[in-house]
Each structure stands twice: as C-alpha cells, then as structure tokens.
Amino acid sequence: MSRSSIIHVVLALSLLWATKIWADEPVRVEDARGQWVELSAPAERIVALAPNIVENFYSAGAGDKLIAAVSYSDYPEQAKQLPEVGNYKAVNYERLLLLNPDLIVAWGSGNGNQMVSKLEDLGFTVFVSESHTLEDIAANVQSFGKLAGTSDYADKSAETWLERLTELQVNHKNLDSVSVFYQVWNEPLQTLNGDHLISDVIETCGGRNIFADALVLAPKISIESVLNRDPKVIIASGMGEERPDWLDTWEDYPRIDAVKEGNLFHIPPDIIQRHTFRVLDGMEMVCDDLNRVRGKG
C-alpha cells in the first residue's frame, strides 16, 4: 500500500472514530417538569405518547427514531405506520416493556402525572413535554432534536417556523380587541382557559378569550355563562375537517353578538389544538376570521 493510501485510510478511520465519539456523547435536556433527563447517547428507540409529540419529532428530523406511538398519531402520513401502545390516557405497559425503548416522551397535561410516575417506576427514562405558548412548540422541537441527535435539522426547522410566527405577530399588533368564545365541544359544552396555547393564538390575532380566567384548563361551562359574556366571535373545533352541525345551534340565541353578526367560525382541530408547527395554519385562519369581523365594524 502506498504512503498516500495509508494516509487516506488513517484519515477515514479517524473520521469514523470521531463521528462515533460524537454520536455517543451523553445527552442532557431539561423537560417541562424542570427535571434534567440524561441519556448516555442520543436516543435511537423512542416512544411518543401523544400525536403532537409524534408530529414534532418528524419536524425535528427524528421521525425515524420513533418505534411506537398512541392512537390518532396520523401526521405526517408515515406516522400512521407506527405500532400503537394505547392512547394518551391509557397505555399498554407490558407492550412497552417488550419494545424496550431507550426514551419515552410524554405529554404532561394529557398523559398526566400518574402515568409518568408509573413509567418511571418501571424503569423507563421519561421526558415530559408541554406547550403553554407558541414559542414552546419550537423549544420542544429543539429539545427533541437534542434527545435524538438531530439538533442541526431541528434548530433550522424551529428557526424557520419562528420567523413565520414573528411575521404573524408583527402583522397583528395593536389591532382592536375582539372577544372570542372558543368551543371545543357541545355536549358537554366545553372551552379552554388562558393557560392553553389556543389563548395565545387568539391573543396574537388581536382577540380576547372570554374564558381566559377559568380555573381549569378545559372547563365545562353553561350556555348562560356564554350568554352573559356575549362574545363577538364563536370559533368551534369539533372532530375533523368538517364544520360541526352543533355550531349552528347558537342561532337559537340571537341576542349574542356573534350570532347577530354572523360570526360563527370553524377551525379544524388538528391545525389548532395540536401543539405542532401546523398550529400556524390554524392561527392564520383565526386571524383572517377576526380581521373579517373588524372589517364589518
């Protein structure tokens, strides 16, 4: 072997060794509980316990590290192929033990403390994710990139998304406030309070969540309480792409400003209630609706 060939081999081996050392570097990331989650190396076998977490791992360039998810993990398309281990309220612990993931990522307000504690008691490493603000979504994608060893991709993805968010925020500053009732469901009648990310969406568009002061995240309310707060706009989610029939039952209450002025709108839940990059698609619809209402004025 020639001297130049030997040098090339040595350089190639050095590069491979350096890459291995970098790939095996310990990972330490703080989760939504304020706890530091430590891994000896980036996770290669990840289970995601909420559809939004699944989607955000793909946004972080780490979808191929997912080995299982929960029901309704249907975006992007390839996520539909992931084996299911239950739903966000109840998981199959025996199946998780068989899968032997090196990381489980949980949704704090969805999965709950009891499930997280049970998983940790079984010896799993658990990272708890949560999003209270729009900026938290980008931070979660970046955290997932660190956990999976795809930080370069995740950071660029988050940066591009934050630029789009900033543009929306700037374009909707100092607008006349519009009172909004956000309706999650009709029976029982349910909304979301000011701690939910959707309040951040509404406020960014120059709206005001009329139930921002509710004490629980997703309160069940009465029709009378909506009548008393008299929203200018009612936005409903529902179960899918189609406008829910129950949105039009508000026509029975013509004294509400939203009904008098025809301000009953529908936003598909997947693009506003899931804490993912797609929430900006839902936000653009909310902003357009509120701008249309201002235009009437």
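Conventions used here
Residues numbered from 1 in each chain as written. Predicted model: local features only at pLDDT ≥ 70, side-chain atom pairs only at ≥ 80, totals over all residues. Heavy atoms only, no water. Core = buried A, V, L, I, M, F, W, Y, C linked by side-chain atoms within 4.5 Å. Buried < 20%, exposed > 50% of the residue type's maximum accessible area, 1.4 Å probe, protein only. Contact = heavy atoms within 4.5 Å. pLDDT = per-residue confidence, 0-100. Helix = DSSP H or I, 4+ residues; strand = E, 2+ residues; numbered from the N terminus. Patch = residues over 30% accessible without salt bridge, like charges linked within 9 Å, V, L, I, M, F, W, Y side chains within 5 Å. Areas by Shrake-Rupley, 256 points an atom, 1.4 Å probe, with all protein chains shown as cover. Salt bridge = Lys/Arg side-chain N within 4 Å of Asp/Glu carboxyl O. Lys, Arg positive; Asp, Glu negative; His and termini not counted. Charge placed at Lys NZ, Arg CZ, Asp CG, Glu CD. Expected span 1.5 Å × (residues − 1). Axes fitted to C-alpha atoms, helices over the stretch in contact; angles between N-to-C directions. Parallel < 35°, antiparallel > 145°, perpendicular 65-115°, else oblique. Nonpolar A, V, L, I, M, F, W, Y, C, P; charged D, E, K, R; others polar. Disulfide = S-S within 2.5 Å. Pairing = 2+ DSSP bridges.

Draft legend 1. Main features of the nonpolar core. One finds Phe57, Leu103, Trp161 and Met283 to be the most contacted residues of the largest nonpolar core, which totals 57 residues. Ignoring any residue separated from it by four or fewer positions in sequence, one finds Leu103 in contact with Val37, Leu39, Ala43, Arg45, Ile46, Val47, Thr125, Phe127 and Leu147. In terms of nonpolar packing, the next biggest core, distinct from the first, is built from 17 residues, Leu49, Val85, Val116 and Leu119 among them.

Draft legend 2. Fine view of the confidence of the model for the protein. Counting all residues, the mean pLDDT for the protein is 92, and 92% of those residues have values of 70 or more. Predicted confidence for residues 3–22 stays below pLDDT 50, and this span has 3 contacts to residues more than four positions away or in other chains.

Draft legend 3. Broad picture of the environment of Leu189. Looking at where Leu189 falls in the secondary structure, it is placed in strand S9 (residues 189–190). Assessed through its relative accessible area of 9%, Leu189 is described here as buried.

Draft legend 4. Quick peek at a negative patch on the surface. A cluster of acidic residues, Asp152, Asp155, Glu159 and Glu163, forms a negative patch at the surface. Its location among the elements puts Asp152 in helix H7 (residues 151–171).

Draft legend 5. Geometry of the pattern of salt bridges. Taken as a whole and judged by the stated rule, the model has 16 salt bridges. The network of salt bridges with shared partners includes Glu55, Asp74, Asp270, Arg274 and Arg278.

Draft legend 6. Representation of helix H11 (residues 279–296) in the model. Its 18 residues place the ends of H11 26 Å apart at the C-alpha level, agreeing with the 26 Å of an ideal helix rising 1.5 Å per residue. Taken together, the buried positions of H11 are Val279, Leu280, Gly282, Met283, Val286, Cys287, Asp289, Leu290, Val293 and Arg294.

Draft legend 7. Structural detail: the packing of helix H6 (residues 134–148) against H7. At a minimum axis distance of 8 Å, the contact between H6 and H7 shows a crossing angle of 175°. Compared by their axis directions, H6 and H7 come out roughly antiparallel. Together, Leu134, Glu135, Ile137, Ala138, Val141, Gln142, Gly145 and Lys146 of H6 and Ser151, Ala154, Asp155, Ala158, Trp161, Leu162, Leu165 and Gln169 of H7 make up the contact between the two elements. In terms of residue class, the contact of H6 with H7 is made up of 9 nonpolar, 4 polar and 3 charged.

Draft legend 8. Quick look at the state of the cysteines. Taken as a whole, this structure holds 1 disulfide when the rule is applied. In this model Cys205 forms its disulfide with Cys287; the gap between the sulfur atoms is 2.0 Å. Looking along the S-S bond of the Cys205-Cys287 disulfide, the torsion reads about -80°, which is the left-handed sense. Pair noted here: Cys205 is in the loop between helix H8 (197–204) and strand S10 (207–209) and Cys287 is in helix H11, with a separation of 82 residues, a long-range link. Using a relative accessible area of 0% as the deciding quantity, one classes Cys205 as buried.

Draft legend 9. Expanded view of unusual backbone geometry. Here Tyr75 and Pro76 are connected by a cis peptide whose omega angle stands at -5°. With an omega dihedral of 0°, the bond running from Glu187 to Pro188 counts as a cis peptide bond. Among the structural elements, Pro188 can be located in the loop between strand S8 (185–186) and S9. The phi dihedral of Tyr72 is positive, around 70°, even though this residue is not glycine. Within the secondary structure, Tyr72 sits in the loop between strand S4 (66–68) and helix H3 (93–99). With a relative accessible area of 63%, Tyr72 lands in the exposed category. Residues other than glycine seldom take positive phi values, yet Asp230 does so here, at roughly 45°.

Draft legend 10. View of the sheet that holds strand S7 (residues 178–183). Read from one edge of the open sheet, 4 strands run S10-S7-S11-S12, paired in parallel fashion. One side of each edge strand has no neighbouring strand; the edge strands of this open sheet are S10 and strand S12 (264–266). Across the sheet, the axes of successive neighbouring strands diverge by a mean angle of 35°, strand direction being ignored. Judged from the 3 bridges that link them, S7 and S10 form a sheet pairing that is parallel. Opposite Ser179, over in S10, you have Arg208 as the bridge partner. Sheet strands in contact with H8 are S7 and S10, and its direction is about 150° off that of S10.

Draft legend 11. Main features of the sheet that holds strand S3 (residues 46–48). Strand order in the open sheet formed by 4 strands is S4-S3-S5-S6, with parallel pairing between adjacent strands. Unpaired on one side and paired on the other, S4 and strand S6 (126–129) mark the two borders of the sheet. Across the sheet, the mean angle from the axis of one strand to that of its neighbour is 35°, orientation sign disregarded. Taken together, the 4 bridges between strand S5 (residues 103–107) and S6 define a ladder with parallel strand orientation. Bridged to Ile104 within S6 is Val126. Of the strands in this sheet, S3, S4, S5 and S6 touch helix H2 (residues 51–59), which is tilted by about 125° from S5. Its contacts with the sheet place helix H5 (residues 113–121) against S5 and S6, and it is angled at close to 165° to S6.

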